[in-house]
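# Chains, contacts and geometry: an overview
Chain residues, written in single-letter form:
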Amino acid sequence: MKLVFLDALTLGDMDLTQFNKLGDVEIYQTTKKEETIDRLKDADIVLTNKVVIDKEVMDNTNLKMIQILATGMNNVDLEYAKTKKIVVKNVAGYSTNSVAQLTFAMVLEIMNKLKYYDEYAKTKYSQSDIFTHIVDFYELNGKKWGIIGLGEIGKKVASIAKAFGCEVVYYSTSGKNNNSKYQKVSLEEVLKSDIISIHAPLNEKTNNLLNKNNLHLIKKDAILINMGRGGIVNEKDLADIIDKNGFFAGFDVFTNEPIKEYNPLLEVKNIVLTPHIAWASVEAREKLVDLAYKNIEDFVNDGRNNEEVI
């Protein structure tokens, strides 16, 4: 059994030696589209985070299993894999705590003006005539927190927001979520909250969900956090309005990743950006690797059991 990692660099410095128990392992840190087929020519199992496995790849290899090193599966042609009887697995639930933590890190950085105060303390505080230096900041307690997408991550964020004393409301992007613990409201009502955080997948219902037709509903000094997918918020429309209307944002995801040098968000003053790292705490990556290993172990063992039955 041969296993091939196509983009191991996306996992950082995780220890992958346990996979040697399952077969011969070949590890590539990154893989270009034109390199994919050649690297998989002798592979039984491919492990990929974002490298695309499409019809062409499947037709020109002998893959038996595709292990996606993420929750999203849009980099694999799932329907065609089914016709080829190729098993496709993803991993889920590994990043809930990590994403929730960065959500609050961004909110607290913006609310408490940590970047400003750090710079002041390092450059001007020693010349101050008094013991402090005050620029207004506010507490989370008593604020309304609106959540777009109340899945596992959304619910985790909601519980932490409640612990801070926030009133939590949510908008269901599917329309099917009816969580009785929190008040379900319209998208327009969520956008009137003090903090708005997005934890939804990108699909036909969420693509361009926030745009010039509703971004104006976000009030001055409010905070918009996007931990879902870049295409959920129209980046140009946001860039056109955010500084002018005086609200703030924190984005970990973008329409194109890595971010393009011409992305309008790079010109925005009132925004904190991170390079799609919310999912990637050490603990989350360790859990991801262990879940992927278990999927492949089960697949290999099932194959061996079938051979014994035959």
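In what follows, the structure referred to is the one given above.
Before going into details, it helps to say that this report is about the structure given with it. (Residues numbered from 1 in each chain as written. Predicted model: local features only at pLDDT ≥ 70, side-chain atom pairs only at ≥ 80, totals over all residues. Heavy atoms only, no water.)

### A closer look at the packing of aromatic side chains
Basically, it comes down to this: Pairs were defined over the aromatic rings of Phe, Tyr and Trp, the Trp ring being its six-membered one, requiring ring centres within 6.5 Å. Orientation was assigned from the angle between planes: stacked under 30 degrees, edge-to-face over 60, tilted for the rest. Note on conventions: DSSP H or I runs of at least 4 residues are helices, E runs of at least 2 residues are strands, and numbering of each starts at the N terminus. Only protein chains enter the calculation, and the probe is 1.4 Å; a residue is then buried if its accessible area is under 20% of its type maximum, exposed if over 50%, and partly exposed in between.
The tally for this structure, following the rule as stated, stands at seven aromatic pairs. Arranged with centres 5.7 Å apart and planes meeting at 10 degrees, the rings of Phe104 and Phe164 form a pair that is stacked. Here Phe104, found in helix H4 (residues 96-111), pairs with Phe164, found in the loop between helix H6 (152-163) and strand E7 (167-171); they are 60 residues apart in sequence, far enough to count as distant. Given the relative accessible area of 5%, Phe104 is considered buried.

### Some words on the pattern of salt bridges
Note the following rule: By definition, a salt bridge exists where a carboxyl oxygen of Asp or Glu is found within 4 Å of a side-chain nitrogen of Lys or Arg.
One pass over the structure, following the stated rule, counts 16 salt bridges. Of the charged contacts in the structure, one is a salt bridge between Lys41 and Asp38, with a shortest N-O distance of 3.5 Å. For the salt bridge of Lys219 with Asp194, the shortest nitrogen-to-oxygen distance reads 2.9 Å. Of the two residues, Lys219 sits in the loop between strand E9 (195-198) and strand E10 (223-226) while Asp194 sits in the loop between helix H7 (187-190) and E9, which places them 25 residues apart along the sequence.

### Topic: H6
Quick note on the threshold: Each helix should span, by expectation, one fewer than its residue count multiplied by 1.5 Å. Starting at the helix axis, one direction is taken to each C-beta atom, and the arc is that of these directions. Contact between two residues is taken to exist if any of their heavy atoms lie within 4.5 Å; hydrogens are not considered.
Its 12 residues place the ends of H6 17 Å apart at the C-alpha level, agreeing with the 16 Å of an ideal helix rising 1.5 Å per residue. Inspection of H6 places Gly154, Val157, Ala158 and Ala161 among the buried residues, and these make up the whole buried set. All buried residues of H6 lie within an arc of 105 degrees about the axis, which places them on one face of the element. Exposed and oriented more than 90 degrees from the buried face of H6 are Glu152 and Ala163. Elements that come into contact with the buried residues of H6 comprise H4, strand E6 (144-148), E7 and E9. Positive backbone phi, approximately 95 degrees, marks Gly165, located one or two places after H6.

### Here we look at the layout of surface pockets
Basically, it comes down to this: We place a 1 Å grid over just the protein atoms. Points where a 1.4 Å probe fits but has no way out form a cavity, open points with protein on both sides within 12 Å along at least 5 of 7 lines form a pocket, and any residue with an atom within 4 Å of a point lines it. Grid points are joined across faces, edges and corners, and a volume is the space filled by probe spheres set on the points. Amino acids outside the nonpolar list (Ala, Val, Leu, Ile, Met, Phe, Trp, Tyr, Cys, Pro) and the charged list (Asp, Glu, Lys, Arg) are all regarded as polar, and Gly is one of them.
Empty space within the second largest pocket amounts to approximately 640 Å³. Surrounding the second largest pocket, 23 residues form its lining, Glu109, Ile110, Met111, Lys113 and Phe248 being those nearest its centre. Looking at the lining of the second largest pocket, the elements that each hand over two or more residues are H4, helix H5 (114-123), strand E11 (248-251) and strand E12 (271-273). The class makeup of the residues in the lining of the second largest pocket is 12 nonpolar, one polar and 10 charged.

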